[in-house]
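Topology and contacts: notes
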Amino acid sequence: MSVNNLINYKSAIVENITNAFDSKNVASVDILRLDKIHEIISGNKWYKLKYYLETARDKQRIITFGGAYSNHLVATAFAAKVIGKESIGIVRGEEPATYSPSLKDSVSYGMQLIFVPRESYKNRSDILDKINVDPTDDIVIDEGGFGETGVKGAADILELVPDLTSYTHILCAVGTGTMLAGIVRAAQPHQHVIGISAVKGADELTPIVSSFQQPPHAVFEINFNYHHGGYAKKTPVLIDFMNTFYQKTGIPTDFVYSGKLLFAVNELIKENYFPHNSSLLVIHCGGIQGNRSLPAGMLQF
Ligand SMILES: *Cc1c(COP(=O)(O)O)cnc(C)c1O
């Protein structure tokens with residue numbers, strides 16, 4: 001079976017959410033509901049994987065990397081199962097006594113997990129040697145689908161947007177920067193792309209995203225002010241914002257990426273960051289499953 005047949009492209013609609021923001025300093029805010037294309041292989045994860053999966057057709061195993069809360073691991077495990085391939089997830093950190101929901105899901109789709117201490121996780125070739133990786137049988141996908149193949153897939157995301165030219169600014173969340181690199185590549189040169197980093201102090205991401213571009217390309221920047229303490233960290237104001245945003249729009253967000261992204265959009269509008277006639281497009285790139293690690297009742301959705 002092909003994963004593409006399971007993706008519900010029609011549900012990736014663009015909704016107007018201008019009224020959800022405290023201040024009316026911009027002309028309009030739209031959101032692309034990429035979170036709705038599939039329940040498991042949600043949002044940008046499908047786009048980043050799609051060209052890797054094409055290459056995987058004549059391979060036996062798909063091997064990839066991620067943290068214990070990685071949506072990418074789950075998406076890869078699920079996709080591998082659909083196309084009938086074995087999968088191995090190399091997980092950063094010691095094996096936890098209790099698996100996170102993401103790890104449990106990955107295992108349920110048949111993924112074999114290998115836990116690697118944080119110190120040795122960066123040493124990819126050592127890890128791959130230990131599991132006898134062979135380029136004829138195996139495809140290795142970097143963490144978060146990072147790399148040209150992932151960027152190429154992410155660039156296709158903007159094909160979902162009917163009136164792309166009308167936007168002055170496009171905003172998305174940033175983890176590895178793969179999606180942002182694709183969005184910058186596909187955006188038009190007059191547009192300004194802003195990535196909101198879910199990771200603290202990842203300054204190296206700016207030159208990395210640049211390295212995937214060829215001139216002329218859209219202007220982009222990564223804002224590092226809205227990580228709320230770091231990757232997968234949260235604050236009460238973030239959780240409050242996510243609940244309020246849901247009450248106003250009916251749109252659920254996750255605390256790792258899209259919650260921080262929309263929080264940042266609200267703050268930047270308040271601070272008059274955007275010229276008043278701006279039309280913003282926010283990309284809601286999925287990953288609501290991450291919220292399952294929160295205590296019950298913290299979120300009202
Ligand atoms: C994985 C993920 C991201 C980060 O994407 P990168 O390409 O790694 O920057 C952002 N938002 C959501 C919802 C995700 O699941």
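What you see is a predicted model, and the numbers here were worked out from it, not measured in a lab.

Right, let's talk about the sheet that holds strand S6 (residues 138–141) for a bit. Read from one edge of the open sheet, four strands run S5-S4-S3-S6, paired in parallel fashion. Edge positions in the sheet fall to strand S5 (111–116) and S6, since each of these pairs with one other strand and no more. With direction set aside, neighbouring strand axes in the sheet form an average angle of 20 degrees. In the sheet, strand S3 (residues 61–66) pairs with S6 via four bridges, with the strands oriented parallel. Residue pairing for S6: isoleucine 63 is matched across the bridge by valine 140. Packed onto the sheet, helix H3 (residues 101–108) meets strand S4 (86–92) and S5 and runs at close to 135 degrees relative to S5.

Moving on to the sheet that holds strand S2 (residues 28–33). As summarised here, the arrangement of the six strands in space is S1-S2-S10-S7-S8-S9, forming an open sheet in which the pairing is mixed. Of all strands in the sheet, those bounded by a partner on one side alone are strand S1 (14–16) and strand S9 (219–223). Each neighbouring strand pair of the sheet contributes to a mean axis angle of 25 degrees, computed without reference to strand direction. In terms of strand pairing, S2 meets strand S10 (residues 279–284) through six bridges, oriented parallel. Paired with leucine 32 across the strands is isoleucine 283, a residue of S10. Packed onto the sheet, helix H7 (residues 178–186) meets strand S7 (169–174), strand S8 (192–197), S9 and S10 and runs at close to 160 degrees relative to S7. Its contacts with the sheet put helix H10 (residues 258–270) on S2, S7, S8, S9 and S10, and the angle it makes with S10 is roughly 165 degrees.

Our next topic: the pattern of salt bridges. Under the defined criterion, the tally for this structure stands at eleven salt bridges. Across the pair aspartate 35 and arginine 33 runs a salt bridge, and its minimum N-O distance is 2.9 Å. Like aspartate 35, the residue arginine 33 is buried in the burial classification. In this structure, the salt-bridge partner of arginine 61 is aspartate 138, at a minimum N-O distance of 2.7 Å. Here the residue arginine 61 occupies a position in strand S3, and aspartate 138 occupies one in strand S6, the gap between them amounting to 77 residues. Arginine 61 gets classed as buried once you look at its relative accessible area, which sits at 17%. Look at the salt bridges and you will find they share partners, linking Asp22, Lys248, Glu267 and Lys270 into a network.

The next point concerns the domain arrangement of the protein. Think of interface size as the accessible area that goes away when the parts come together; that is how it is often given. Looking at the protein, the domain boundaries give domain 1 (3–40 + 152–293) and domain 2 (44–145). For domain 1 and domain 2, the distance between their C-alpha centres works out to 25 Å. Of the residues lining the interface, 24 residues belong to domain 1; the matching set on domain 2 comes to 21 residues. With both sides pooled, the region where domain 1 packs onto domain 2 buries about 2,000 Å², and carbon together with sulfur makes up 66% of that total. Notably, a salt bridge pairs aspartate 156 with lysine 50, separated by 2.8 Å at the nearest N-O pair. Applying the counting criterion to the domain 1 and domain 2 interface returns five residue pairs in polar contact (both at pLDDT 80 or more).

Neighbouring residues of the ligand: 14 residues in total, closest Lys45, Lys48, Gly175, Thr176 and Gly286. Note that an oxygen atom of the ligand is positioned 2.6 Å from one of the side-chain N or O atoms of threonine 176. Between the ligand and the protein, one listed contact pairs an oxygen atom with a backbone N or O atom of methionine 179 at 2.8 Å. For the ligand, the accessible surface in isolation is 380 Å², of which the surrounding protein chains cover 98%. Of all elements in the fold, only helix H1 (44–55), S7 and H7 reach the threshold of two or more residues within the shell around the ligand. The dominant element in the shell around the ligand, judged by the number of residues it contributes, is H1, at three residues.

Take the UniProt feature "domain: Tryptophan synthase beta chain-like PALP" (unreviewed entry) in the protein next. With numbering matched to this structure, UniProt assigns "domain: Tryptophan synthase beta chain-like PALP" (unreviewed entry) to residues 44–286. With 39% helix and 19% strand, the stretch residues 44–286 has end C-alpha atoms that lie 7 Å from each other.

Let us now look at the packing of helix H9 (residues 236–249) against H10. For the pair H9 and H10, interaxial distance at closest approach is 10 Å and the crossing angle is 85 degrees. Taken together, the axis directions place H9 and H10 in an arrangement best described as roughly perpendicular. Contact with H9, carried on its side by Val237, Leu238, Phe241, Met242 and Phe245, involves Gly259, Lys260, Leu262, Phe263 and Asn266 of H10 and no other residues of that element. Classifying every residue of the contact of H9 with H10 gives seven nonpolar, two polar and one charged.

The next thing to look at is the packing of H1 against helix H6 (residues 148–155). Two elements in contact, H1 and H6, have axes separated by 7 Å at closest approach and are oriented at 125 degrees. What the angle tells us is that H1 and H6 run oblique. The way H1 lies across H6 gives a crossing that is right-handed. Between H1 and H6, the contacting residues are Tyr47, Lys48, Lys50, Tyr51 and Tyr52 on the first element and Thr149, Gly150, Lys152, Gly153 and Ala154 on the second. Its residues assigned to classes, the contact of H1 with H6 comprises four nonpolar, three polar and three charged.

Rules used throughout
Residues numbered from 1 in each chain as written. Predicted model: local features only at pLDDT ≥ 70, side-chain atom pairs only at ≥ 80, totals over all residues. Heavy atoms only, no water. Pairing = 2+ DSSP bridges. Helix = DSSP H or I, 4+ residues; strand = E, 2+ residues; numbered from the N terminus. Axes fitted to C-alpha atoms, helices over the stretch in contact; angles between N-to-C directions. Contact = heavy atoms within 4.5 Å. Salt bridge = Lys/Arg side-chain N within 4 Å of Asp/Glu carboxyl O. Buried < 20%, exposed > 50% of the residue type's maximum accessible area, 1.4 Å probe, protein only. Domains from an automatic or database assignment. Buried area = accessible area lost by both parts, 1.4 Å probe. Polar contact = N/O pair within 3.5 Å; in protein donor to acceptor, adjacent residues only side chain to side chain. Near = heavy atom within 4 Å. Areas by Shrake-Rupley, 256 points an atom, 1.4 Å probe, with all protein chains shown as cover. UniProt positions renumbered as here; feature names shortened; annotations may be inferred. Parallel < 35°, antiparallel > 145°, perpendicular 65-115°, else oblique. Nonpolar A, V, L, I, M, F, W, Y, C, P; charged D, E, K, R; others polar. Left-handed = near helix turned anticlockwise from the far one by under 90°.

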